[in-house]
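Architecture at a glance
Residue strings, one per chain:
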Amino acid sequence: MNILSVIINENETFNLSSLEIFSFIDELKCENKITSIVFGGEKSVIAKIPCDEIVYVPLNSSVALNPNDVLFSIDKFMDNNLFDLIIFQKDDISNYVSPALSFRKKIPYLPDVKKIISKDNKSFKFVRPVHGESAEGIYSVDSTSPLIIKIRKSSFEPKQLNENEKPVNEIILNKNLEKSFKIIETKKIKPKGIQLDDADVVISGGRGVGSSEGFEKIKELANLLNGAVGASRAAVESEWIETSQLVGLTGKWINPALYFTFGISGASQHLAGCINSKNIVAVNTDPEASIFNYSKYGIIADCNEFIAEVIEEIKNMNKRVVQIV
Ligand SMILES: Cc1cc2nc3c(=O)[nH]c(=O)nc-3n(C[C@H](O)[C@H](O)[C@H](O)COP(=O)(O)OP(=O)(O)OC[C@H]3O[C@@H](n4cnc5c(N)ncnc54)[C@H](O)[C@@H]3O)c2cc1C
């Protein structure tokens, strides 16, 4: 099977979670030739990607990446190279590029694949969530004609990089010159503090927090615990916190060691993004809140009062440690 893996590094560093694609490929258990097309990232890491051929597209790190340029680059690359399976991993650019590529190339597309059930000479059976995460669907797809899939983050173990470097072919980013639409401005936002994707601790707030002032406490606790700030859609829509911090179906998919939620009900779309957390701790006034069904510890309390107490306790603990030292 000729496989193309698409890896997009929007920031300067190589996104190690993209190595999940290669465990997914191993699980397919078939004879493969794997080509990786990699946008951005450090070339020394890219040269160790566990695949047969590596094509590198350098990016200008000071300019926001235009998803259409990625789309056109892959499209052109595929004009000269035939693939049976094209694999993306869920990220903001891939979410845009993968269905658009499917449309341009007239290749069927299956997003959010989280498990492989079986493979025979004619078909694959994949599992993906349906009905806003409330159920799982089993999809049987023809494996004898090309297919584009996007795998769900954190569903497969990232494969190790090779010890040795391989030759890397470089191609340039194909600028989108089509005139049917025009991007007027793109802004590159420099990520501040610990990022949701990398954090071991995430402190998340929802509608129950009640205000942007309430979110200052969420940020303070995240800071004290060396964690990142997350939010539900209700909090983002209330403009208490930036959209980039949204956790869930339409936001980030995270798997921290501790996911600490304040005033979040636990709607299925929110849980989609945090269910892989090792430990969920929830604070909610409603003992029937669905989040408690998924929490290791549940606290029935006003989240603003409780967070103030936790912050004070941690500060006192830190003071005691300083005094002992
Ligand atoms: C297609 C689609 C995609 C979606 N994608 C996402 C997504 O990616 N992420 C996401 O989060 N949502 C998403 N949603 C929205 C989702 O369905 C919920 O509406 C949203 O998650 C609710 O946010 P919430 O838990 O903050 O608010 P609510 O559901 O209103 O819950 C607020 C909770 O706070 C508690 N509370 C109130 N006051 C206090 C207090 N003082 N102290 C403690 N607890 C208190 C209440 O008991 C309640 O449980 C999506 C919806 C759709 C239809």
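From a predicted model like this one, the values you see are computed outputs, not experimental measurements. (Residues numbered from 1 in each chain as written. Predicted model: local features only at pLDDT ≥ 70, side-chain atom pairs only at ≥ 80, totals over all residues. Heavy atoms only, no water.)

**Some points on unusual backbone geometry**
Phi at K106 is positive, roughly 55°, even though this residue is not glycine. Relative to the elements of secondary structure, K106 occurs in the loop between α4 (92–105) and β5 (109–113). Residues other than glycine seldom take positive phi values, yet S154 does so here, at roughly 65°. With respect to the helices and strands, S154 occurs in the loop between β9 (147–151) and β10 (169–170). (Helix = DSSP H or I, 4+ residues; strand = E, 2+ residues; numbered from the N terminus.)

**Side note on the pairing of strand β6 (residues 115–119)**
Sheet topology note: the β6/strand β7 (residues 123–130) ladder contains 4 bridges and is antiparallel. By the bridge assignment for β7, K115 is matched with V127. Between β6 and β7, which pair antiparallel and follow one another directly, the connecting turn spans 3 residues. (Pairing = 2+ DSSP bridges.)

**Comments concerning the sheet that holds β6**
Ordered in space as β6-β7-β8, the 3 strands form an open sheet in which the pairing is antiparallel. Because the sheet does not close on itself, it has two edges, and the strands there are β6 and β8 (135–142). Strand after strand, the sheet turns through a mean of 25° between neighbouring axes, direction not considered. Where β7 lies against β8, 8 bridges are found, and the strand directions are antiparallel. Bridging across to β8, F124 finds its partner in V141. Strands β6 and β7 of the sheet are contacted by helix α1 (residues 20–28), whose axis makes an angle of about 25° with β6. (Axes fitted to C-alpha atoms, helices over the stretch in contact; angles between N-to-C directions. Contact = heavy atoms within 4.5 Å.)

**A few points about the packing of helix α3 (residues 67–80) against α4**
Where α3 contacts α4, the axes come no closer than 9 Å and their chain directions differ by 40°. What the angle tells us is that α3 and α4 run oblique. As α3 packs across α4, the resulting crossing turns out to be right-handed. Taken together, the residues of α4 that come into contact with α3 (itself represented by P67, N68, V70, L71, F72, I74, D75, M78 and D79) are I93, Y96, V97, A100, L101, R104 and K105. Of the residues assigned to the contact of α3 with α4, the class counts are 11 nonpolar, 1 polar and 4 charged. (Parallel < 35°, antiparallel > 145°, perpendicular 65-115°, else oblique. Left-handed = near helix turned anticlockwise from the far one by under 90°. Nonpolar A, V, L, I, M, F, W, Y, C, P; charged D, E, K, R; others polar.)

**A closer look at α4**
The terminal C-alpha atoms of α4, which comprises 14 residues, lie 21 Å apart, in line with the 20 Å expected from a rise of 1.5 Å per residue. Those residues of α4 that sit buried are I93, S94, V97, S98, L101 and S102. Taken down its axis, α4 places every buried residue within 140° of arc, on the same side. Projecting away from the buried face of α4 at angles above 90 degrees are the exposed residues D92 and F103. Those residues of α4 that are buried lie in contact with β1 (2–8), α3, β4 (85–89), β5 and β9. (Expected span 1.5 Å × (residues − 1). Buried < 20%, exposed > 50% of the residue type's maximum accessible area, 1.4 Å probe, protein only. Arc of directions from axis to C-beta.)

**Quick look at the environment of I25**
If you trace the backbone, I25 turns up in helix α1. Along the backbone, I25 and K278 are 253 residues apart, and their C-alpha atoms lie at a distance of 25 Å. Residues within four places of I25 in sequence aside, it is in contact with I3, N32, I34 and I87.

**Describing the side chain of N284**
Secondary-structure assignment places N284 in strand β14 (residues 279–284). One polar contact links the side chain of N284 to the main-chain carbonyl oxygen of I264, over a distance of 3.1 Å. For N284, the residues in contact, after removing those within four places along its chain, are I264, S265, A289, I291, F292, I299, I300 and A301. (Polar contact = N/O pair within 3.5 Å; in protein donor to acceptor, adjacent residues only side chain to side chain.)

**Digging into the nonpolar core**
Counting 31 residues, the largest nonpolar core has F22, F24, I49, I87, F126 and I149 as its most contacted members. Here this core takes 5 residues from α1, the largest share from any one element. Ignoring sequence-local partners within four residues, the contact set of I149 consists of F24, L85, I86, I87, F88, L110, V113 and F126. (Core = buried A, V, L, I, M, F, W, Y, C linked by side-chain atoms within 4.5 Å.)

**Some thoughts on the domain arrangement of the protein**
According to the domain assignment, the protein contains domain 1 (2–170) and domain 2 (201–324). Summarising the inter-unit geometry, the C-alpha centres of domain 1 and domain 2 are found 32 Å apart. Opposite the 5 residues of domain 1 that make contact, domain 2 presents 8 residues. Interface area, domain 1 with domain 2, both sides summed: about 670 Å², of which 55% is carbon and sulfur. (Domains from an automatic or database assignment. Buried area = accessible area lost by both parts, 1.4 Å probe.)

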